[in-house]
Amino acid sequence: MMANVLHITVLLSVMVLGLLIPPVQSTCSVDVSQRTNVTFGTEEEYSAPGYPENYLPNENCVHLFVAETGYKIRFEFEEFHVENREDSECRYDYVEFYDGDSTSDRHLGRYCGHKIPPPVLSTGRELMVLFVSDNSIEPGSFKAEVESVAEDYLEPYHLGQCGGLLHADQGEFTSPGYPYGYEANEYCVYFITSETRDTIQLHFTSFDLEVHHSCQYDFVKVLDGNDLQNSPVLGKFCGGEDNRPPRIIESSGSMMIVIFHSDVSIHYEGFYAKFAINQIGFPDIPPASSLPNSVAVPVCDLSREIGRASCRERV
């Protein structure tokens, strides 16, 4: 009898607490009227709801930053800890950017994880920032500085940086730590764009990633466009004879995304890549059909067991 009374008492207590404690709700708004005018020479702070405490689940926040005429927005994270599950490609919690005042404008990137993303630049006066968290509880928060810069300002890309915007007719980029090896749990997104309407060509001069028959562990994925979620996949590449990238990968338009992902285990030297618009291209690289099969793809042999030369020795 006493056990039944105790059980009923516990149930009533839980019910009362459920009535007294409201469900966890978002602390921000999806109303784009949350806007900040950014004046040249000043800095604005943007942070996760509740910063410096952890953000809550089920957040759905939209904020619009607007620069003065003749200027554009530069957004730089100072702290960044956002949930990133294995192979999620930022499907759960993320911060996302659009080059304008709506999600129909050009997509500038989606970020998650614990590495600070590269600075984000708008091309015009407006930059839309979205922050989304799913219904699970994961510790995390972030803080950023937002400023107004001249409309002709370009953010320098530093070789070896994990991801970034490469806005040029030609250039080069590498995986973090190349050629000395990348770290565990890398998730780097390289957005390649050009002011021309020319297509973009991508060529790997060195490519050394973990071997897997379907590239589930460490990989490079190339997308045809500027949308991380919806752009067609031009290829997913990793170590092994059957998974190496072709000599030239070409987009159908003037934008391309390159994603580099590493897991928690074996790590290799990484990659070195060059890109160019098709008017410039790579005229010194003969078509693969004109070469013997043994040299059709100018990348490193990835089978450590057979003792071939390393990437550094063969670039």
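Predicted model only: the values in this text are computed from it and were never measured.

> Outline the state of the cysteines, listing residues and values.
This structure, assessed with the given rule, holds 3 disulfides. Through a disulfide, Cys-162 is tied to Cys-188; the S-S separation comes to 2.0 Å. The disulfide joining Cys-162 to Cys-188 has a torsion of about -105° about its S-S bond and is therefore left-handed. Of this pair, Cys-162 sits in the loop between strand E9 (141-150) and strand E10 (164-167) while Cys-188 is found in strand E12 (residues 187-193), placing the two residues 26 residues apart along the sequence.

> Give a description of the sheet that holds E12 that names residues and reports values.
Pairing within the open sheet is mixed, and its 5 strands lie in the order E10-E12-E17-E14-E15. Either end of the sheet is taken by a strand with one partner, and the two such strands are E10 and strand E15 (233-237). Each strand of the sheet is rotated relative to its neighbour by a mean of 15°, with strand direction disregarded. In terms of strand pairing, strand E14 (residues 219-223) meets E15 through 4 bridges, oriented antiparallel. Residue pairing across strands places Lys-221 opposite Lys-236, the latter belonging to E15.

> Account for the sheet that holds strand E18 (residues 270-277), with residues named and values stated.
In spatial order, the strands read E11-E18-E13-E16; together these 4 strands make up an open sheet with antiparallel pairing. Each edge of the open sheet is held by one strand with a lone partner, namely strand E11 (170-174) and strand E16 (249-250). Bridge count between strand E13 (residues 200-208) and E18: 8 bridges; the pairing is antiparallel. By the bridge assignment for E18, His-203 is matched with Lys-274.

> Kindly report on the nonpolar core, identifying the contributing residues and their values.
Side chains of a nonpolar character, in soluble globular proteins, are inclined to be buried together. Among the nonpolar cores identified, the biggest contains 34 residues, and Phe-75, Phe-97 and Phe-142 are the most heavily contacted of them. For this core, the elements supplying multiple residues, two or more each, are strand E3 (60-67), strand E4 (71-81), strand E5 (94-98), strand E6 (107-111), strand E8 (126-132), E9, E12 and strand E17 (255-261). The residues contacting Phe-75, other than those within four sequence positions of it, are Tyr-46, Phe-65, Phe-97, Pro-119, Val-120, Leu-127, Val-129, Ala-144, Glu-145 and Val-146. Listed in part, the 24 residues of the second largest apolar core include Tyr-190, Val-220, Phe-237 and Phe-260.

> How would you explain the environment of Gly-281 if you had to name every residue and give the values?
Mapped onto the fold, Gly-281 is located in the loop between E18 and helix H2 (311-314). Gly-281 gets classed as buried once you look at its relative accessible area, which sits at 11%. Beyond its immediate stretch of four places on either side in the chain, Gly-281 contacts Gln-201 and Ala-276.

> Would you mind going over the pairing of E3 in detail, with residue names and values included?
Counting buried residues along E3, 7 of its 8 residues qualify, which places the element largely inside the surrounding structure. Strand direction decides the pairing type here: strand E1 (residues 35-38) and E3, joined by 4 bridges, are parallel. Looking at the pairing, Arg-35 lines up with Leu-64 of E3. Strand direction decides the pairing type here: E3 and E8, joined by 7 bridges, are antiparallel. Bridge pairing in E8 links His-63 to Val-129.

> So what about the packing of aromatic side chains? Which residues, and what values?
With the rule as written, the count across this model stands at 23 aromatic pairs. Relative to Phe-131, the ring of Tyr-55 has its centre 4.9 Å away and its plane inclined at 75°; by these criteria the two rings are edge-to-face. In this pair, Tyr-55 sits in the loop between strand E2 (43-47) and E3 while Phe-131 sits in strand E8, placing the two residues 76 residues apart along the sequence. Accessibility expressed as a relative area gives 5% for Tyr-55, which makes it buried. Between Phe-75 and Phe-77 the ring centres are 5.0 Å apart and the planes differ by 75°, which places this aromatic pair in the edge-to-face class. Just as Phe-75 is buried, Phe-77 falls in that class too. Members of the aromatic cluster, connected to one another through ring pairs, are Tyr-46, Tyr-55, Phe-65, Phe-75, Phe-77, Phe-80, Phe-97, Tyr-111, Phe-131 and Phe-142. For Arg-110, the ring lying beneath its charged end belongs to Tyr-94, and the centroid distance is 3.7 Å. The ring of Phe-219 carries the charged tip of Lys-236 above its face, separated from the ring centre by 4.3 Å.

> Quick rundown of the pattern of salt bridges? Include the residues and the values.
Within this structure, the stated rule accounts for 9 salt bridges. Across the pair Lys-143 and Glu-45 runs a salt bridge whose closest N-O atoms are separated by 3.6 Å. Of this pair, Lys-143 sits in strand E9 while Glu-45 sits in strand E2, placing them 98 residues apart in sequence. Here Glu-78 and Lys-143 are joined by a salt bridge, their closest N and O atoms 3.8 Å apart.

The rules behind these values
- Residues numbered from 1 in each chain as written.
- Predicted model: local features only at pLDDT ≥ 70, side-chain atom pairs only at ≥ 80, totals over all residues.
- Heavy atoms only, no water.
- Disulfide = S-S within 2.5 Å.
- Helix = DSSP H or I, 4+ residues; strand = E, 2+ residues; numbered from the N terminus.
- Pairing = 2+ DSSP bridges.
- Axes fitted to C-alpha atoms, helices over the stretch in contact; angles between N-to-C directions.
- Core = buried A, V, L, I, M, F, W, Y, C linked by side-chain atoms within 4.5 Å.
- Buried < 20%, exposed > 50% of the residue type's maximum accessible area, 1.4 Å probe, protein only.
- Contact = heavy atoms within 4.5 Å.
- Phe/Tyr/Trp six-rings, centres within 6.5 Å; stacked < 30°, edge-to-face > 60°.
- Lys NZ or Arg CZ within 6 Å of the ring centre and 35° of its normal.
- Salt bridge = Lys/Arg side-chain N within 4 Å of Asp/Glu carboxyl O.

All we've got here are geometric facts, nothing functional implied.
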